[in-house]
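# Coordinate analysis (summary)
Spelled out from the first residue to the last, the chains are:
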Amino acid sequence: MDTVIVQLPDRATAVAPGGRPGLLRMGPGETAVFGRGEPGRAVPIPLPDQGVSRRAGEITAAEDYWRLSNFSATATYVVENLEGAGEHVKVAPGRLGAPVPFEFSRVLLPALGEPASFKVFAPQHAYLDGESDGAEGERTVSPFALDPTAKYFLVLLALCEPRLRSPSAATVPGATDVVTRLRALPSCRSLTRSAVNYHIDYLVFTKLRLREPFDDDRGGGKREELAALALRFDLVREEHLALLPPRHPAARP
């Protein structure tokens, strides 16, 4: 099972078909070195800037989080929480195995040009479902581990909103509709259609693991399947609608 997904830098690797960035998938205990690489010896996460060490550091996948090791003797690395408001952790020079709890992260390294960076996703975060089962045996974990504070959850909620408000609603909003619906939220002011489509893919293939063929190639069938599953299992509910901006803001005098 993949517990960590690294989005490789575009300029360091060819993008996948359809313009999607290359991905490195890692399971528990697997490691990947990042840096400039050595002649004839590439690294799994290449950062081609002369200001970055050849072996700058390493990430290690754990069960539902990951660790970062800083091999530099002088440079501090920063890990940003992409779902937070400026939340970040610093990994000091020489620090080994620093745990990173964020689900969506960007790793930043000092470089000669723009800071070298790559993104890391830890989609297998576990959340306790209801009451504890007791002290014996393994704990029960929800098969659909969704974080209601994450931006992808807002995208899912916007897709399901029409049917939450009226079960007879037939149309699932498109990506442009979702952008328009969420733009009023401070956390979504920079949201784009491309970002919405990425969150939809993340939900479909990583969080909810929908593998069946979809009705069309333009994303409508994918959105339909996603909304249907979320509503069928109450992954989004009426009380979640409070997370969305008002549909009809009161007019200002």
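A brief structural summary.

### Remarks on the overall build of the chain
Within the chain, the regular secondary structure consists of four helices and eleven strands. Counting over 253 residues, the chain shows a buried share of 43%. In the chain, once contacts between residues fewer than 6 apart in sequence are set aside, the share between residues at least 24 apart is 52%. Entry remark: accessible area of the chain is about 14100 Å², with carbon and sulfur atoms responsible for 50%.

### Quick look at the pairing of strand 6 (residues 66-70)
Burial within strand 6 is extensive, with four of its five residues counted as buried. Judged from the five bridges that link them, strand 5 (residues 57-61) and strand 6 form a sheet pairing that is antiparallel. Residue pairing across strands places Gly57 opposite Asn70, the latter belonging to strand 6. Two strands pair when backbone bridges link them, and strand 6 and strand 9 (residues 98-100) are joined in this way by three bridges, in the antiparallel orientation. Paired with Trp66 across the bridge in strand 9 is Val100.

### Structural notes on the environment of Ala32
Its place among the elements puts Ala32 in strand 3 (residues 31-35). On a C-alpha basis, the gap between Ala32 and Val43 in space is 7.7 Å, while along the polypeptide they are eleven residues apart. In contact with Ala32, other than residues within four places in its own chain, are Leu24, Met26, Pro44, Ile45, Gly57, Glu58 and Ile59.

### Observations concerning the side chain of Asp147
With respect to the secondary-structure elements, Asp147 resides in the loop between strand 11 (116-121) and helix 1 (151-165). An unpaired buried charge is present at Asp147: no salt bridge exists, and Lys207, the closest side chain of opposite charge, is 7.8 Å distant. Within the local environment of Asp147, its side chain forms a polar contact with the side chain of Thr149, the two groups lying 2.7 Å apart.

### Digging into the packing of helix 1 against helix 2 (residues 175-182)
Running from N to C, helix 1 and helix 2 cross one another at 95°; their axes reach a closest spacing of 9 Å. As the angle between them shows, helix 1 and helix 2 are arranged roughly perpendicular. Facing Leu154, Val155, Ala158, Leu159, Glu161 and Arg165 of helix 1, the residues of helix 2 in contact are Val178, Arg181 and Leu182. Looking at side-chain class alone, the contact of helix 1 with helix 2 contains six nonpolar, no polar and three charged residues.

### With respect to the sheet that holds strand 11
Across the sheet, six strands lie side by side as 2-1-11-10-7-8; this open sheet has antiparallel pairing. At either end of the open sheet lies a strand with only one pairing partner, and these are strand 2 (23-26) and strand 8 (88-91). Strand-to-strand, the axes of this sheet are offset by a mean angle of 20°, without reference to chain direction. Pairing geometry for strand 1 (residues 4-7) and strand 11, over three bridges, is antiparallel. Paired with Val6 across the two strands is Val120, which belongs to strand 11.

### Considering the sheet that holds strand 3
Spatial strand order, 4-3-5-6-9: five strands in an open sheet with mixed pairing. The outermost strands of the open sheet, each flanked by one partner alone, are strand 4 (45-46) and strand 9.

### A short note on helix 4 (residues 220-232)
In this model helix 4 runs 18 Å from its N-terminal to its C-terminal C-alpha over 13 residues, within 8% of the 18 Å that 1.5 Å per residue would give. Of all the positions in helix 4, only Gly220, Gly221, Lys222, Arg223, Leu226, Ala227, Leu229 and Ala230 are classed as buried. Where helix 4 is buried, its residues meet helix 1 and helix 3 (193-207). Positive backbone phi, at 55°, marks Asp234, one or two positions downstream of helix 4.

### Here's the deal with the packing of aromatic side chains
Scanning the entire structure with this criterion turns up nine aromatic pairs. Ring plane angle 70° and centroid distance 5.3 Å describe the contact between Phe104 and Phe121, whose orientation is recorded as edge-to-face. Highlighted residues: Phe104 in strand 10 (residues 104-109) and Phe121 in strand 11, separated in sequence by 17 residues. There is no split in this pair, since Phe104 and Phe121 are both buried. Through successive ring pairs, a cluster of aromatic residues spans Phe104, Phe121, Tyr152, Tyr198 and Tyr202.

### Notes on the side chain of Arg181
Position of Arg181 relative to the elements: it lies in helix 2. The exposure class of Arg181 is buried, given its relative accessible area of 16%. A polar side-chain atom of Arg181 sits 2.8 Å from a polar atom in the side chain of Glu161. Of note is the side chain of Arg181, whose polar atom sits 2.8 Å from the backbone oxygen of Pro245. Among residues more than four places away in sequence, those in contact with Arg181 are Glu161, Arg165, Leu244, Pro245, Pro246 and Arg247.

Basis of the calculations
- Residue positions are given per chain, counting from 1 as you read along its sequence in written order.
- Only residues with pLDDT of at least 70 are given local features in this predicted model, and only at 80 or more are side-chain atom pairs given and counted; all residues enter the totals for whole chains, interfaces and linings.
- Working from all heavy atoms in the structure, the side-chain values ignore hydrogens and water.
- Only DSSP runs of H or I covering at least 4 residues are called helices, and only runs of E covering at least 2 are called strands; the numbering of each starts at the N terminus.
- In this scheme, a residue with accessible area under 20% of its type's maximum is buried, one over 50% is exposed, and one in between is partly exposed, where area comes from a 1.4 Å probe on protein chains only.
- The contact criterion used is simple: two residues touch if any of their non-hydrogen atoms lie within 4.5 Å.
- For accessible areas, the Shrake-Rupley method is used with a probe of radius 1.4 Å. Any residue's cover is judged against the shown protein chains and nothing else.
- Pairing between strands is defined by DSSP: at least two bridges between the two strands are required.
- Positive charges come from Lys and Arg, negative ones from Asp and Glu, while His and the chain ends are left out of the count.
- The salt bridge definition used is simple: a Lys or Arg side-chain nitrogen within 4 Å of an Asp or Glu carboxyl oxygen.
- In protein, a polar contact means a hydrogen-donor-capable atom and an acceptor-capable atom, both N or O and within 3.5 Å, with residues adjacent in sequence counting only if both atoms are side-chain atoms; elsewhere, any N or O pair within 3.5 Å suffices.
- Interaxial angle, 0 to 180 degrees, is taken between N-to-C directions of lines fitted to C-alpha atoms, where a helix line uses only the stretch in contact.
- An angle below 35 degrees is treated as roughly parallel, one above 145 as roughly antiparallel, one from 65 to 115 as roughly perpendicular, and anything else as oblique.
- As a working rule, the residues Ala, Val, Leu, Ile, Met, Phe, Trp, Tyr, Cys and Pro are called nonpolar, Asp, Glu, Lys and Arg charged, and the rest polar, with Gly in that last group.
- Multiplying one less than the number of residues by 1.5 Å gives the expected span of a helix.
- Centre distance within 6.5 Å is the pairing criterion for rings of Phe, Tyr and Trp, where only the six-membered ring of Trp is used; planes under 30 degrees apart are then read as stacked, over 60 as edge-to-face, and the remainder as tilted.

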